[in-house]
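Structural overview for review
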Amino acid sequence: MKFESFGDNLRVILVGSSGGIGAALLEALIDSPQVSRIHTLSRSGRSHPSSKVANLTFDFTDEDSLIAAAQALEEVKPFDMIIVATGLLQGNGISPEKNMRAMSFDGFAKSFEANTIGPAMTAKYLVPLLNRNSKSVFAALSARVGSISDNRLGGWYAYRASKAALNMVLKTIAIEIGRRFKTQIIIGLHPGTVDTDLSKPFQGNVPEGKLFTPEFAAEKLLFVIDGATPEDSGNLFDWAGKQVEF
């Protein structure tokens, strides 16, 4: 794709490149002639044949791993984009709760670790590596179901709460960063319902035409990042670029 609001020789950090959306984002970034280097951070440390890609093994639930990654990336900063493409809805022993009786300490702990604490701590260590002289963006995958004002169906307690908390973290970081660096932008991204392992058990209720391929979602999210301005910092945007109210 063509990034209209960025220059050339873009340097990108992609966290969660082994997931469905993350892998599609990686391929889209590789295909852009404006992107010169992509540092992928994932637990698997999976290699990629593209000469644009440098791989780091990384676990954002381990602070020592965060510190080591930040130190390694410090040597090659600044970065124009940092994208956190991670999330946990079901699996790892948990699933979305249909009612209060299904809530558990384990479900909340795992949801908050993956959806809130991990991205927050990643921001702590990686946002300082963003370019301070021209537009740069830190974006994390959030979800519309984390919107308190948009909650009409109930259920999914831990996932909703963890994404709402992530939205608050991003808003708070944006306020802090905006006081010092006017070209840095912090946003949340809602990709819609994407055909990945995360959504497979719930795809039966998705309206026709609203189940997106990872490739479609990746392209749309990169367009949202490209269109983001400092005035957008701290907000959540869906795949179509519309702001989602908290």
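Higher on the page you've got the structure.
The structure contained in this document is the topic of the report that follows.

A tally of helices and strands in the protein yields five helices and 10 strands. Over its C-alpha trace the protein gives a radius of gyration of 17 Å, about what one expects of a compact globule, namely 18 Å for 246 residues. Based on the C-alpha atoms only, the size of the protein along its principal axes is roughly 50 × 40 × 35 Å. Every one of the 246 residues in the protein was classed for burial, and the buried ones make up 49%. Here the protein has roughly 11,800 Å² of accessible surface; of this, 53% comes from carbon and sulfur atoms. Positive and negative side-chain charges of the protein, numbering 25 and 26 respectively, have mean locations separated by a distance of 4 Å.

On to helix H2 (residues 63–74), then. In a regular helix each residue adds 1.5 Å, so 12 residues correspond to 16 Å; H2 covers 16 Å between its end C-alpha atoms and thus fits that length. Residues Ser-65, Leu-66, Ala-69, Ala-70 and Leu-73 constitute the buried set of H2. Taken around the axis of H2, the buried residues stretch over an arc of 130°, which confines them to a single face. What points out from H2, more than 90 degrees from its buried face, is the exposed set Asp-64 and Gln-71. Summarising the contacts, the buried residues of H2 are in contact with strand S1 (10–15), strand S2 (35–42), strand S3 (53–57) and helix H3 (105–126).

We now examine the sheet that holds strand S4 (residues 81–84). Reading across the sheet, the eight strands line up as S3-S2-S1-S4-S5-S6-S9-S10 and stay open at both edges, with mixed pairing between neighbours. Of all the strands in the sheet, just S3 and strand S10 (243–244) have a single pairing partner and so form its edges. For strand S9 (residues 236–238) and S10, the ladder comprises two bridges, and the chain directions are antiparallel. By the bridge assignment for S10, Leu-236 is matched with Val-244. Of the strands in this sheet, S4, strand S5 (136–141), strand S6 (184–190) and S9 touch helix H5 (residues 214–227), which is tilted by about 150° from S6.

Cut-offs applied
- Residues numbered from 1 in each chain as written.
- Predicted model: local features only at pLDDT ≥ 70, side-chain atom pairs only at ≥ 80, totals over all residues.
- Heavy atoms only, no water.
- Helix = DSSP H or I, 4+ residues; strand = E, 2+ residues; numbered from the N terminus.
- Rg over C-alpha atoms; globule rule 2.2 N^0.38 Å.
- Buried < 20%, exposed > 50% of the residue type's maximum accessible area, 1.4 Å probe, protein only.
- Areas by Shrake-Rupley, 256 points an atom, 1.4 Å probe, with all protein chains shown as cover.
- Lys, Arg positive; Asp, Glu negative; His and termini not counted.
- Charge placed at Lys NZ, Arg CZ, Asp CG, Glu CD.
- Expected span 1.5 Å × (residues − 1).
- Arc of directions from axis to C-beta.
- Contact = heavy atoms within 4.5 Å.
- Pairing = 2+ DSSP bridges.
- Axes fitted to C-alpha atoms, helices over the stretch in contact; angles between N-to-C directions.

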